[in-house]
Structure formats: structure tokens, C-alpha cells
Amino acid sequence: MTEHPDTPHDERNGETSGDHSQGRNAWLEALLGIFASPPRSFEIIRSRKPWLAPLLLLVAGSAALAMASAPLGLQAMRNQLTERMPGNPEQVDAMMAQFEQAASATRWLAMATGPLQLAIALAVQTVFVWLLAIALQGRPRFAQSLSLVAHLAVIVHLKSWANFLLLHVRGTDAIRSQLDLQAPMGLDLLLAGDNATLNVVYASINPFTVWFLALLGMGAAAVFEIPERKAWLLAAIYWATTTAFTAATTGLAARLMPT
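1. Considerations on the pattern of salt bridges
And then number 1: Scanning the entire structure with this criterion turns up three salt bridges.
And then number 2: Note that Glu29 and Arg40 form a salt bridge whose closest N and O atoms lie 2.7 Å from each other. Here Glu29, found in helix α2 (residues 26-36), pairs with Arg40, found in helix α3 (residues 38-48); they are eleven residues apart in sequence, far enough to count as distant.
And then number 3: Put simply, Arg40 and Glu43 hold a salt bridge, and the shortest N to O gap is 3.2 Å. Of this pair, Arg40 and Glu43 both sit in helix α3, three residues apart, which is roughly one turn of the helix.
And then number 4: A residue is classified by how much of its surface remains accessible, and Arg40, at 27% relative accessible area, is partly exposed.
And then number 5: The class of Glu43 is partly exposed, set by a relative accessible area of 40%.
And then number 6: Taken together, the shared-partner salt bridges in this structure form one network comprising Glu29, Arg40 and Glu43.

Put into C-alpha cells, the structure is as follows:
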């Protein structure tokens, strides 16, 4: 029996099968590629625009972090009450019992509304990045912006877990107010002072933020087809705007918070 060599039709079938296989795993490759191979990840984000996988990861991670961090907020409140009423431990215990009961009642509500808050935050950031890309003469699609923002948000989420671990390393006794729930991990380690607004600017210059902005600049160039110089400008505008907003809200909260 004569064996026939592979035909071009067979080769095309093999290539199509390989493409389908790669398509099924593209979401995983894009997600892991943010850490291992950003250029490959950006290529997938540009062409396939996956966003569901990083969103589900962020929802699950945020829920777990909220549950793990809840005792830290209560500890901050206890330390603050103890400083204000050093001679009344019974009153502090009574007040904390009420706070803990209220926190337990609202914890599940916060867990339920957490995904909605996350979705709103991602939507705002997506629109902002999309409009910036348009203003800088890129050719973005909204789904591309959503996919890029969702993937890069994983880095911000890792920063939240790093903050959680640092708080435990420092010890809960160091948590004297709600502002202490943000552990210093940037320039605020060296330059932090009494100005809460300025401290936010210092804190915004940290390894996770630098990592995020570097990938945002690279991703904007690759996904939105923006010239490299304008892509870095997009990242700089994003940092300046988000930092200014956080500084303003933190400064306002510091003024309203009782001393």
C-alpha cells in the first residue's frame, strides 16, 4: 500500500487545531504573561481582549483580603480608644464589643458589595485610560482598555497583600489609627511627615507603582499602537491624576478625623 505524504489540507487542519488550543489557553497565557512575558501578554490583550479571568481573580482575592484584614481595623480602633481612655479598660471593652458586633453584621454586606465596587473602580479607570489613548492619537478599542486595566490591576492587588503582610510584620500595636493601616513601602519610609497629603505623594513612589506604570507605558504602546514617547506620557498622566485624587481625599479625611 502506497503511503501518501501529508497534504496541505492536513497541514491547515493541524494549524487550525493549534490555533484553537492556543485560543482556549490565551486567557491564562495573558494573565501569567504580565509577570513572565509582558510583550506576549500585550499581544494577546490587543488581539483577543480577555478580561474575565483577571476580573474573577481580583474579586476572589479582594474578598479574601477583606476577610483577613477585618481584625486589623478593629485593632486600630481598640488602640485608639485605649490611648484616649487609658484608665477605663472596661469601657473600652464594652465599646469594642459593640463595634465588633456591628462589624460582624456589616461584613457580609461589604463582601456582597465588594465586586460591585471593584467593577465600578475598573470601569472608571478603563474609561480614563481609553480617553487618554484617544487623546494621544492612539487607536484603542474599549475592550482592549478594559483588558489591559484588568490585567494591570492584579499588580495593584498584589500591593494590597504586601501591605497586609507588612502590617503583621510591624505588629498590630503599631496601628494607632485608620491611616496606619497603610504600611510605608516607598519614599514614605524616608520622607514621611505630619502632612497626610504629602505623605500620599511619597507613598505613591514605591516598587509596585513603578512596576505598574512601566507596564502601563509598555502596554499602551503595544495595545493601543501609540508612539512610545506618548505611551510614557499616558502613564505619567495616569499617575499624576490618581495620586492627586488620592492625596486630596486623604487630606480631607485627615482633617475630618478626630485627633
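2. Some remarks on the packing of aromatic side chains
And then number 1: Evaluation of the coordinates by the stated rule reveals six aromatic pairs.
And then number 2: On the numbers, 6.0 Å between centres and 35° between planes, the contact of Phe128 with Tyr238 is tilted. With Phe128 in helix α5 (residues 89-135) and Tyr238 in helix α10 (residues 228-256), the pair connects residues that are 110 residues apart, well separated along the chain.
And then number 3: By relative accessible area, Tyr238 is classed as buried at 7%.
And then number 4: Between the aromatic rings of Phe212 and Tyr238, the centroid separation amounts to 5.6 Å while the plane-to-plane angle is 35°, which identifies the pairing as tilted. Here Phe212 is found in helix α9 (residues 207-223), whereas its partner Tyr238 is found in helix α10, with 26 residues between them in sequence. An identical accessibility class is assigned to Phe212 and Tyr238; each is buried.

3. A short note on α3
And then number 1: Turning to α3, its buried residues are Pro38, Ser41, Phe42, Ile44 and Ile45. Buried residues of α3 fall within an arc of 160° about the axis and therefore sit on the same side.
And then number 2: As for α3, its buried residues are in contact with α2, α6 (142-170) and α9.

4. Description of the side chain of Asn199
And then number 1: Mapped onto the secondary structure, Asn199 falls in helix α8 (residues 196-203).
And then number 2: Asn199 gets classed as buried once you look at its relative accessible area, which sits at 18%.
And then number 3: Not counting chain neighbours up to four residues away, the residues in contact with Asn199 comprise Asp188, Leu191, Ala192 and Gly193.

Rules used in this analysis
Residues numbered from 1 in each chain as written. Predicted model: local features only at pLDDT ≥ 70, side-chain atom pairs only at ≥ 80, totals over all residues. Heavy atoms only, no water. Salt bridge = Lys/Arg side-chain N within 4 Å of Asp/Glu carboxyl O. Helix = DSSP H or I, 4+ residues; strand = E, 2+ residues; numbered from the N terminus. Buried < 20%, exposed > 50% of the residue type's maximum accessible area, 1.4 Å probe, protein only. Phe/Tyr/Trp six-rings, centres within 6.5 Å; stacked < 30°, edge-to-face > 60°. Arc of directions from axis to C-beta. Contact = heavy atoms within 4.5 Å.

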